[in-house]
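A look at the structure
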Amino acid sequence: MTYDYGILLESGTNELEIVEFEVQGSKYGINVMKVKEIIQPMPITFIPHAHSHIEGIIQLRGEVLPVIDMAKVLGLQPSQNGQMDKYIVTEFNQQKVVFHVQNVTRIHRISWNDIEKPSEMYQGGNNQIIGVIKINETMILLIDFEKIVVDINPHSGIHVDQIRSLGKRERSEKKIIVAEDSPLLRKLLHDTLVEAGYDRVEFFENGQIALDYLESTLEEENTFEKVQLIVTDIEMPKMDGHHLTRRIKDHPILKKLPVVIFSSLITDELRHKGTGVGADAQVSKPEIARLVQYIDELAL
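Here the structure is a predicted model, which is why all the values come from computation and not from measurement. Sequence order as written defines the numbering, with residues in each chain counted from 1. Local features in this predicted model are restricted to residues whose pLDDT is 70 or higher, and side-chain atom pairs enter the listing and the counts only when it is 80 or higher, whereas totals over whole chains, interfaces and linings include all residues. Only heavy atoms go into the side-chain values, all of them from the structure, while hydrogens and water stay out.

Some words on the overall build of the chain
- From N to C terminus, the chain includes 10 helices and 16 strands.
- Any residue under 20% of the maximum accessible area for its type is buried, any over 50% is exposed, and the rest in between are partly exposed; the area is computed with a 1.4 Å probe on protein chains only. In the chain, buried positions account for 53% of the 300 residues.
- Here, two residues are considered to be in contact whenever any of their heavy atoms come within 4.5 Å of each other. Contacts spanning at least 24 positions in sequence make up 67% of the contacts within the chain whose residues lie at least 6 apart. Counting from the N terminus, the helices are the DSSP runs of H or I reaching at least four residues and the strands are the DSSP runs of E reaching at least two.

Shown next, in the form of structure tokens:
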């Protein structure tokens, strides 16, 4: 099963499609925009001394791709009957990764507003769950696939060292608004932007809260004194980054604010979605140095 991105949802509608899959009877979800195709299991080459979550590697149309066992990631028993097993071939953060699951059931179209943030009581500090979707009597757990990959290969994440390569820079008084739902990424972005000279950064955990703040500044008639640029992720509960960008760019006053989309979903196939909602720039995680360069150029 291969996905044609040309027939996916229009950008900026605050909707997404998720692929529902199963591991040991529980239901999980992945954003369709991360999925390249779904294939039958194929022979795996074992890699000695690899991370325990890595089953090995496969060769798919000339590309060598790692296979991650989702049962091990989730702390569950491996598949006992592999007849229904599937490989989900994904692309995000500028890399392709295969996830081994026990069944792929269907695709759901939902609103980001219907995704509930996990409670801290059951989420825990090292949990891979970033959202809960209730469909009829079923609960589907949205998985943080970026965290899974970074836990296996920390070098694939954001690092302050990438900023130091830009050299000495003047401290900036520019105020930046960042919409990002991941606490880990908010901390990494804070540290790296401060290292880059941007001390005045305010974080919001989804697009709706960020938009509410921007609209509140209009009441005081000094929006452009309080905010000079917005950085937004795409995947966020309540309001995603594409919809946030569209709302800003459709606003008679806020449209002047530069918006940079910083997401794992910036690929050649999907870049047109950000362009369609009016983003001033798009940067794929984890290219933090390029993000800073765009901020330098675009901040009012």
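Things to note about the pairing of strand 6 (residues 86-92)
- Within strand 6, 7 of the 7 residues are buried, which leaves the element mostly enclosed by the surrounding structure.
- On strand 6, burial covers both faces: Lys-86, Ile-88, Thr-90 and Phe-92 on one face and Tyr-87, Val-89 and Glu-91 on the other are all buried.
- A strand pair is defined by DSSP finding two or more bridges across the two strands. Direction of pairing for strand 3 (residues 35-39) relative to strand 6: antiparallel, over a ladder of 4 bridges. Counted as the bridge partner of Glu-37 is Val-89 from strand 6.
- The loop that links strand 6 with its antiparallel partner strand 7 (residues 95-101) comprises 2 residues; one of these, Asn-93, has a positive phi angle of about 50°.

Observations concerning the nonpolar core
- By size, the foremost hydrophobic cluster in this structure holds 26 residues, and its most contacted members are Phe-21, Ile-68, Met-70, Phe-99, Ile-143, Phe-145 and Ile-148.
- Among the secondary structure elements, those contributing two or more residues to this core are strand 1 (15-23), strand 2 (26-31), strand 3, helix 1 (70-73), strand 6, strand 7 and helix 3 (145-152).
- By residue number, the principal contributor to this core is helix 3, which donates 4 residues. For our purposes a nonpolar core is just a set of buried Ala, Val, Leu, Ile, Met, Phe, Trp, Tyr and Cys residues, chained together by side-chain atoms within 4.5 Å.

Considering the sheet that holds strand 1
- Strand order in the open sheet formed by 6 strands is 8-1-2-11-10-9, and the pairing between neighbours is mixed. The sheet is open, and its two borders are formed by strand 8 (103-111) and strand 9 (115-116), each paired with just one other strand.
- In terms of strand pairing, strand 9 meets strand 10 (residues 129-135) through 2 bridges, oriented antiparallel. Note on strand 10: the bridge partner recorded for Glu-116 is Val-132.

Here we look at the side chain of Asp-85
- Here Asp-85 lies in the loop between helix 1 and strand 6.
- In this charge count, Lys and Arg are treated as positive and Asp and Glu as negative; neither His nor the chain ends contribute. By convention in these notes, a salt bridge is any Lys or Arg side-chain nitrogen within 4 Å of a carboxyl oxygen on Asp or Glu. In this structure Asp-85 is buried but unpaired, with Lys-86 as the nearest side chain of opposite charge at 7.7 Å.
- Discounting chain neighbours no more than four positions away, the residues touching Asp-85 are Gln-40, Pro-41, Ser-79, His-100, Val-101 and Gln-102.

Comments concerning helix 3
- Along helix 3, 6 of the 8 residues are buried, which leaves the element largely enclosed by surrounding structure.
- The set of residues buried in helix 3 consists of Phe-145, Glu-146, Lys-147, Ile-148, Val-149 and Ile-152.
- Where helix 3 begins, the side chain of Asp-144 points an oxygen toward the backbone nitrogen of Glu-146, at a separation of 3.4 Å. Residues adjacent in sequence count toward polar contacts only when both atoms are side-chain atoms; beyond that, a polar contact is any pair of N or O atoms within 3.5 Å, and within protein one must be able to donate a hydrogen and the other to accept it.

Examining the sheet that holds strand 6
- Reading across from one edge, 3-6-7-5-4 is the order of the 5 strands in this open sheet, with mixed pairing throughout. One side of each edge strand has no neighbouring strand; the edge strands of this open sheet are strand 3 and strand 4 (54-60). Ignoring strand direction, the axes of neighbouring strands in this sheet form an average angle of 30°.
- In this sheet, strand 5 (residues 63-69) lies alongside strand 4 in antiparallel orientation, the contact comprising 6 bridges. Every axis in this analysis is a line fitted to C-alpha atoms, fitted for helices over the stretch in contact. Angles between the N-to-C directions lie between 0 and 180 degrees.

Some thoughts on the packing of helix 6 (residues 207-219) against helix 8 (residues 241-249)
- Relative orientation of the contacting elements helix 6 and helix 8 amounts to 20°, with a least axis distance of 9 Å. Considering the angle they form, helix 6 stands roughly parallel to helix 8. Taken as a pair, helix 6 and helix 8 cross one another with a handedness that is right-handed. Contacts from Gly-207, Ala-210, Leu-211, Leu-214 and Glu-215 of helix 6 reach helix 8 at Leu-244, Arg-247 and Ile-248.
- When residue character is reported, Ala, Val, Leu, Ile, Met, Phe, Trp, Tyr, Cys and Pro are called nonpolar, Asp, Glu, Lys and Arg charged, and the others, Gly included, polar. Tallied by class, the residues present in the contact of helix 6 with helix 8 amount to 5 nonpolar, 1 polar and 2 charged. Should an angle fall under 35 degrees it is taken as roughly parallel, and over 145 as roughly antiparallel, whereas 65 to 115 is taken as roughly perpendicular and any remaining angle as oblique. Left-handed describes a crossing whose near helix is turned anticlockwise from the far helix by less than a right angle; the clockwise case is right-handed.

Some words on the pattern of salt bridges
- For the coordinates displayed, the defined rule picks out 18 salt bridges.
- One salt bridge in this structure joins Glu-235 and Lys-34, with 2.2 Å as the shortest N-O distance. One end of the pair, Glu-235, is in the loop between strand 14 (229-232) and helix 8; the other, Lys-34, is in the loop between strand 2 and strand 3, and 201 residues separate them in sequence. Per residue, the accessibility class of Glu-235 equals that of Lys-34, and both read buried.
- Here the residues in one salt-bridge network are Glu-20, Glu-22 and Lys-27, joined through shared partners.

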